[in-house]
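# Residue-level structural notes
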Amino acid sequence: MRLHTRSAGEGLPVVLLHAFPLSSAMWLAQREGLAETCKVITPDLRGFGGSALGEDEPSLDVMADDVARLLDDEGIDRAVVGGLSMGGYVTMALCRRHPHRLLGVVLADTKASADPEEARSGRESIASDVLREGTSVLVERVLPGLLGRTTLQRRAMVSGRVRGLVQAAPPQAVAWAQRAMAARPDSFDTLRALRVPVLVIVGEEDEIAPPSAAGAMAEAAPDGRLEVIEKAGHLSAVEQPEAFNRAVRGFVAGFGGGPAPRR
Ligand code: MLT
């Protein structure tokens with residue numbers, strides 16, 4: 001599967017993998033704000049945005065292999081790879097399957113634990129309901145958890161934009177991705193085995209992947225650090241892009257990949 005990708009900037013490659021049920025469109029502020037520091041590469045994961053779904057069975061490993069193939073196609077040996085929520089699950093699958101492709105890892109608003117049984121059945125119900133009824137199901141059951149209370153109360157433009165991205169998600173891709181996420185393994189051993197620096201980012205108002213989950217991930221990684229973003233919920237990169245970009249810029253500067261972080 002060749003992924004449709006949007007890129008900006010030059011220099012150290014930084015691949016950012018989007019959340020469910022969004023697309024590379026969510027990284028607009030990162031393509032704009034990080035392009036002076038590095039080459040920002042933001043693919044649409046399979047089925048979302050401009051990428052086809054293909055015929056494979058649902059699996060985060062398949063998505064991770066797509067990203068490794070993207071690096072091949074771009075002529076990139078090793079990159080900083082990061083993901084937000086579902087993008088983080090794909091990043092952890094990449095850590096398991098293609099560790100030699102990594103310079104560093106960014107895990108934002110994501111979890112290293114597997115789903116408990118109740119969450120798995122919730123995913124299956126969303127998958128089958130979306131296939132039957134369309135994306136209104138997502139607007140009712142997924143959208144409310146994506147944004148923090150500050151954004152919901154004060155930032156109607158951001159909420160409206162995210163709502164539009166959610167409504168654009170293709171039902172087949174939604175169902176496929178829910179089933180792929182339901183099958184994911186616990187990834188704490190993967191984090192413990194990492195031999196590259198790891199930046200864990202979390203919105204302080206994230207209720208889907210809360211700060212306690214982020215703290216456990218940063219502790220598990222031998223070279224992990226934690227950045228908590230104020231006034232942001234689950235979509236920290238969209239809700240507080242400047243703070244998110246500052247954290248990534250600081251991390252990337254550690255690889256000699258750009259100018260000193262702007263404060
Ligand atoms: C996401 O934002 O990618 C989702 O919340 C991930 C999930 O459902 O676990």
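Check the entry above for the structure.
Presented here is a report on the structure given in the accompanying data block. No experiment lies behind these values; they were computed from the predicted model shown.

Okay, the overall build of the protein next. Of the regular secondary structure elements, the protein holds 13 helices and seven strands. Taking 2.2 N^0.38 as the reference for a compact globule, 263 residues should give roughly 18 Å; the C-alpha atoms of the protein span a radius of gyration of 17 Å, in line with that estimate. Reported as C-alpha extents along the three principal axes, the dimensions of the protein are approximately 50 × 40 × 30 Å. Per-residue burial over the protein gives 56% buried out of 263 residues. If you take every contact in the protein between residues at least 6 apart in sequence, the share linking residues at least 24 apart comes to 77%.

The buried fraction of strand E4 (residues 79–84) amounts to six of the six residues, a majority that puts the element mostly inside the structure. Burial along E4 is two-sided: Ala79, Val81 and Gly83 facing one way and Val80, Gly82 and Leu84 facing the other are all buried. Of the pairings in the sheet, the one linking strand E2 (residues 13–17) to E4 comprises four bridges and is parallel in character. Note that in E4 the partner of Leu17 across the bridge is Gly83. Pairing of E4 with strand E5 (residues 102–108), which is carried by six bridges, proceeds in the parallel orientation. Note on E5: the bridge partner recorded for Val81 is Val105.

The full set of residues close to the ligand is Ala19, Phe20, Ser85, Met86, Tyr89, Arg123, Met181, Ile208 and His234. The side chain of Tyr89 places a nitrogen or oxygen atom 2.6 Å from an oxygen atom of the ligand. Arg123 places a polar side-chain atom, nitrogen or oxygen, 2.7 Å from an oxygen atom of the ligand. For the ligand, whose free accessible area comes to 270 Å², the fraction covered by protein is 92%.

Picture the strands of a sheet paired through backbone hydrogen bonds; they go either parallel or antiparallel. Ordered in space as E1-E3-E2-E4-E5-E6-E7, the seven strands form an open sheet in which the pairing is mixed. Each edge of the sheet is formed by a strand with only one pairing partner; in this case those strands are strand E1 (5–8) and strand E7 (224–229). Shown here is a sheet whose adjacent strand axes are inclined to one another by a mean of 20°, direction ignored. This element, helix H2 (residues 60–73), spans E1, E2, strand E3 (39–43) and E4 of the sheet and lies at about 150° to E2. Packed onto the sheet, helix H3 (residues 86–97) meets E2, E4 and E5 and runs at close to 140° relative to E4.

Counted under the stated rule, the structure contains zero disulfides. Unpaired in this structure, Cys38 has its nearest cysteine sulfur neighbour in Cys95, at a distance of 18 Å. On the basis of relative accessible area, Cys38 is assigned to the buried category, the value being 0%. Look at Cys95 and you get buried, because its relative accessible area is 5%.

Looking now at the packing of helix H4 (residues 117–133) against helix H9 (residues 171–182). Taken N-terminus to C-terminus, the directions of H4 and H9 make an angle of 165°; their axes are 8 Å apart at the nearest point. In terms of axis orientation, H4 runs roughly antiparallel to H9. For the element pair H4 and H9, the recorded crossing hand is left-handed. Two secondary-structure elements touch here, H4 through Arg120, Arg123, Glu124, Ile126, Ala127, Ser128, Val130 and Leu131 and H9 through Pro171, Gln172, Val174, Ala175, Gln178, Arg179, Met181 and Ala182.

Rules and cut-offs
Residues numbered from 1 in each chain as written. Predicted model: local features only at pLDDT ≥ 70, side-chain atom pairs only at ≥ 80, totals over all residues. Heavy atoms only, no water. Helix = DSSP H or I, 4+ residues; strand = E, 2+ residues; numbered from the N terminus. Rg over C-alpha atoms; globule rule 2.2 N^0.38 Å. Buried < 20%, exposed > 50% of the residue type's maximum accessible area, 1.4 Å probe, protein only. Contact = heavy atoms within 4.5 Å. Pairing = 2+ DSSP bridges. Near = heavy atom within 4 Å. Polar contact = N/O pair within 3.5 Å; in protein donor to acceptor, adjacent residues only side chain to side chain. Areas by Shrake-Rupley, 256 points an atom, 1.4 Å probe, with all protein chains shown as cover. Axes fitted to C-alpha atoms, helices over the stretch in contact; angles between N-to-C directions. Disulfide = S-S within 2.5 Å. Parallel < 35°, antiparallel > 145°, perpendicular 65-115°, else oblique. Left-handed = near helix turned anticlockwise from the far one by under 90°.

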